[in-house]
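Structural description and commentary
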2 protein chains.
Amino acid sequence: MSEQSAVTVIGLGPMGRALASTFAGADLRSTVWNRTPGRDHELVEQGAIRARSAEEAVAASDLTVVCVVDYDAADSVLRRDAVTDALKGRTVVNLTADTPGRARGTAAWAADHGIRYLDGVIMTPAVTIGTPDAVFIHSGPKDLYRKHLPVLEALGGAHTHLGEDIGRAAAYDIALLDIFWTAMAGYAHALAVAKAEGITARELAPFATGIGAILPPIFEELAEGVDNGNFSGEGNPITSAASSMAHIIHTSEAHGIDAGVMRAAEGLARRVIGMGNGTDGFIRVTELLAETTDVGR
Amino acid sequence: MSEQSAVTVIGLGPMGRALASTFAGADLRSTVWNRTPGRDHELVEQGAIRARSAEEAVAASDLTVVCVVDYDAADSVLRRDAVTDALKGRTVVNLTADTPGRARGTAAWAADHGIRYLDGVIMTPAVTIGTPDAVFIHSGPKDLYRKHLPVLEALGGAHTHLGEDIGRAAAYDIALLDIFWTAMAGYAHALAVAKAEGITARELAPFATGIGAILPPIFEELAEGVDNGNFSGEGNPITSAASSMAHIIHTSEAHGIDAGVMRAAEGLARRVIGMGNGTDGFIRVTELLAETTDVGR
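Each chain carries its own residue numbering, running from 1 in the written order of its sequence. Here every chain gets a letter starting at A, and every ligand a number starting at 1, in the order they are written. Local features are withheld for residues below a pLDDT of 70 in this predicted model, meaning they are given only at 70 or higher, and side-chain atom pairs are given and counted only at 80 or more; totals for whole chains, interfaces and linings count all residues. To obtain the side-chain values, all non-hydrogen atoms of the structure were included, while hydrogens and water were left out.

**Looking at the nonpolar core**
Counting residues in hydrophobic clusters, the biggest one holds 108 residues, and the most contacted among them are Tyr187, Leu204 and Phe282 of chain A together with Tyr187, Leu204 and Phe282 of chain B. A contact between two residues is defined here by any heavy atoms of the two lying within 4.5 Å. With residues up to four places along the chain from it excluded, the contact list for Leu204 of chain A reads Ala190, Leu191, Ala194 and Ile199 of chain A together with Tyr172, Ala175 and Leu176 of chain B. Residue types Ala, Val, Leu, Ile, Met, Phe, Trp, Tyr and Cys, when buried and joined through side-chain atoms within 4.5 Å, form a set referred to as a nonpolar core. Throughout this description, buried means an accessible area under 20% of the type-specific maximum (1.4 Å probe, protein chains only), exposed means over 50%, and partly exposed covers the range between.

**What to know about the relation of the copies chain B and chain A**
A residue counts toward the fit only if its pLDDT is at least 70 in both copies, and the copies are then superposed by least squares on the C-alpha atoms of those residues. With an RMSD of 0.0 Å, the fit of chain B onto chain A corresponds to turning through 180° and sliding 0.0 Å along the axis. Accordingly, the operation relating the two chain copies is best matched by a two-fold axis. Closest approach to the rotation axis among the C-alpha atoms of chain B is made by Ala183 of chain B, whose C-alpha sits 2.1 Å away. Take the interface residues of chain B: 100% of them recur as interface residues in chain A, which is what a same-surface contact looks like.

**Observations regarding the packing of aromatic side chains**
Any two of the Phe, Tyr and Trp rings considered here, Trp counted by its six-membered ring, make a pair once their centres fall within 6.5 Å; the pair's planes then place it as stacked at under 30 degrees, edge-to-face at over 60, or tilted in between. With the rule as written, the count across this model stands at eight aromatic pairs over all chains. Centroid distance Tyr172 of chain A to Phe207 of chain B: 5.3 Å. Interplanar angle 80°. Geometry classified as edge-to-face. Pair noted here: Tyr172 of chain A is in helix α8 (residues 168-196) and Phe207 of chain B is in helix α9 (residues 201-227), and the two residues belong to different chains. Owing to a relative accessible area of 3%, Tyr172 of chain A belongs among the buried residues under this scheme. Ring centres 5.4 Å apart and planes at 65° place the aromatic pair Phe282 of chain A and Trp181 of chain B in the edge-to-face group. Here Phe282 of chain A is found in the loop between α11 (260-274) and α12 (284-291), whereas its partner Trp181 of chain B is found in helix α8 (residues 168-196) on a different chain. Both residues of the pair, Phe282 of chain A and Trp181 of chain B, count as buried. In textbook terms, an aromatic cluster arises when at least three aromatic residues are bridged by ring pairs, as seen for Phe180 and Trp181 of chain A together with Phe282 of chain B. Just above the ring of Phe231 of chain A sits the side chain of Arg284 of chain A; from NZ or CZ to the centre is 5.7 Å. The way it works is that DSSP assigns letters per residue, a run of H or I at least four long becomes a helix, a run of E at least two long becomes a strand, and they are numbered from the N terminus. Whether a charge lies above a ring is judged from NZ of Lys or CZ of Arg, which has to be within 6 Å of the ring centre and within 35 degrees of the ring normal.

**Considerations on the domain arrangement of chain A**
Residues and elements named next belong to chain A. The source of the domain bounds is an automatic or database domain assignment. According to the domain assignment, chain A consists of domain 1 (3-165) and domain 2 (171-296). Placing a centre on the C-alpha atoms of domain 1 and another on those of domain 2 gives a separation of 37 Å. The partner domain 2 presents five residues to the eight residues of domain 1 that form the contact. Both sides of the domain 1 and domain 2 interface together cover about 500 Å² of buried area, and 78% of this is carbon and sulfur. Buried area counts how much accessible surface, traced with a 1.4 Å probe, disappears from two parts once they are put together, with both parts' losses summed. Of all residues in domain 1, the largest losses of buried area upon contact with domain 2 belong to Pro100, Met123 and Leu162, amounting jointly to 58% of the total for that side. Two N or O atoms form a polar contact when they lie within 3.5 Å of each other; inside protein one atom must be a possible hydrogen donor and the other a possible acceptor, and for residues adjacent in sequence the pair counts only when both atoms belong to side chains. Across the domain 1-domain 2 interface, the total number found is zero residue pairs in polar contact (both at pLDDT 80 or more).

**Details of the pattern of salt bridges**
Should a side-chain nitrogen of Lys or Arg be within 4 Å of a carboxyl oxygen of Asp or Glu, the pair is scored as a salt bridge. With the rule as written, the count across this model stands at 34 salt bridges over all chains. The closest approach of N and O atoms between Arg80 of chain A and Glu55 of chain A, which form a salt bridge, is 2.8 Å. Separated by 25 residues along the polypeptide, Arg80 of chain A in the loop between α4 (71-78) and α5 (81-87) and Glu55 of chain A in helix α3 (residues 54-59) bring together distant segments of the chain. You can call Arg80 of chain A partly exposed: its relative accessible area is 39%. A salt bridge links Arg202 of chain A to Asp227 of chain B, with the nearest nitrogen and oxygen atoms 3.1 Å apart. With Arg202 of chain A in helix α9 (residues 201-227) and Asp227 of chain B in helix α9, this residue pair bridges two chains. Looking at Arg202 of chain A, the relative accessible area reads 40%, which means it is partly exposed. By relative accessible area, which is 29% here, Asp227 of chain B ends up partly exposed. Three or more residues are tied together by salt bridges with common partners; here these are Asp72, Asp75, Arg79 and Arg102 of chain A.

**Regarding the confidence of the model for chain A**
As a per-residue measure, pLDDT reflects the predictor's confidence and takes values from 0 up to 100. Mean pLDDT over chain A stands at 94; residues scoring 70 or higher make up 97%. Across the interface, the model reports ipTM at 0.92; the global pTM reads 0.92.

**As for the interface of chain B and chain A**
Across the contact, 91 residues belong to chain B and 91 residues belong to chain A. In total, chain B and chain A occlude about 8,500 Å² of area from one another, counting both sides; carbon and sulfur atoms represent 72% of this. Applying the counting criterion to the chain B and chain A interface returns 10 salt bridges. There are 20 residue pairs in polar contact (both at pLDDT 80 or more) connecting chain B and chain A.

**A closer look at helix α11 (residues 260-274) of chain B**
Helix span, expected: 1.5 Å multiplied by one less than the number of residues in the helix. Counted at 1.5 Å a residue, the expected span for α11 of chain B with its 15 residues is 21 Å, and the 20 Å between its end C-alpha atoms agrees. Buried residues of α11 of chain B: Val261, Met262, Ala265, Glu266, Leu268, Ala269 and Val272 of chain B, and no others. When α11 of chain B is viewed along its axis, its buried side chains cluster within an angular range of 150° and face the same direction. Summarising the contacts, the buried residues of α11 of chain B are in contact with α8 and α11 of chain A together with α10 (238-254) and α12 (284-291) of chain B. Think of the arc as the fan of directions from the helix axis to the C-beta atoms.

**Thoughts on the sheet that holds strand β8 (residues 158-161) of chain B**
Residues and elements named next belong to chain B. Spatial ordering of the open sheet is given by β3-β2-β1-β4-β5-β6-β7-β8, a layout of eight strands whose pairing is mixed. At either end of the open sheet lies a strand with only one pairing partner, and these are β3 (49-50) and β8. Any two strands with at least two DSSP bridges between them are considered paired. Pairing of strand β2 (residues 29-33) with β3, which is carried by two bridges, proceeds in the parallel orientation. Bridge pairing in β3 places Thr31 opposite Ile49.

So, in structure tokens, the structure goes:
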């Protein structure tokens, strides 16, 4: 990596520090800045350069990596005139997690100000940064991605470019977090119901991990059907799923445990059944939800 | 297996047929009966004995395995006087899925009528019956379980006795189905959001299976904390989970896609935060839900 092998990191929370520390250890001229001072001592010891201001930080490198709590926080740094001016002709890779809409809005702002822009998401925890376990997804102009990939690859792990649509990485992130947090809500609820039935979390865990283990092949199998509009419920119709859900709700509420999450899920299943699709599988819910979607974006 | 090696199967849906067919192939004198006739032709060819009535069926064996759609269906067969009388002194293993409360109610009825009773759940699909992949969980009197285990083991797979509390197998089942169906609701919703963002199910699937794969170790790790009352959110506080959930809801609803399941989950997270536990992990939701629980059963 030659003269462009300089990188600025804006945002020194746990993830930002992991990024900056990995860059500093990778023989890159790395400059760091954080809104709240005092987070960069270890990084400076590792060879990072402490910028006195955000504008000084972004002016120090052709590439600035931003990793803050959300796009409001990113905007409050990047959209100050001095910083925006300093970024002109340079590249921002925004690894802040937010919505696809915010990513698109930031791309439009960047284009208006002559700033090159890539959006990305880090799919793995801070401890994975710099290791083969890190997973990064990116979207935006492919040539710009190719140009900065050598520096980004200093972060280790797998980097995937998902497409030119700048919102694509955030959209993947949202969909995957949707699966993760919904599943976690199910687990948290199941542990409460189990507890009310005198079953400890550790007693349930070996069986719960068994449920977790069967999900990936089911996800794979259903994906093909969904893309082809095939929601066949052979052997497991949505009527049977709704019946199981009703048992869960009944058992939960009999113990005084809120079953709002499952009630919402059951409501979707009942709507599919009410529309005459009771022999379809539960995944028919995807089509029900998607039918209300606006066309395009 | 000696003279007690006779078994009756009540209920010849896909699962009941799989049970009866496996028993018939295992050198057991097996008798079958189904409310709706005509489902036993193949079984009779395999050597099963067709009973002319439910009372004749249960009288033919010391052990009757029941596998019907729910306990209402089971009751409508077992609680007819002629059948109840014929069952006196014999054993029923009820592999019908329903709630722990229904299992306990059936055990009370059985005790009142001098019928021995075990409750069980089949955790795997009908195709696994007779193979090492089948998973059965049982609860009720341990000695009764031991007595009939040799016949039950003819069904293949793993059999686990979870305890004497007759509702325990159903309680495990409910908790595990809670995890499964909530996760499936998350997946179905994620596919709808992905579709609205121009991402196909097959494009998302490899990443979705990655999410599925990280759940089992997370389940294991959190279980220990929950049992010890340790909900520490080190590195991932519930405030951060709630923020992700808000992004998911916003993105979903911006496309006109119902986000009721995630709204309910976010509501739980917000309640934990509102109670001053924002630095705890999301799993603190378990405690919030369990706090409203009635003590004991």
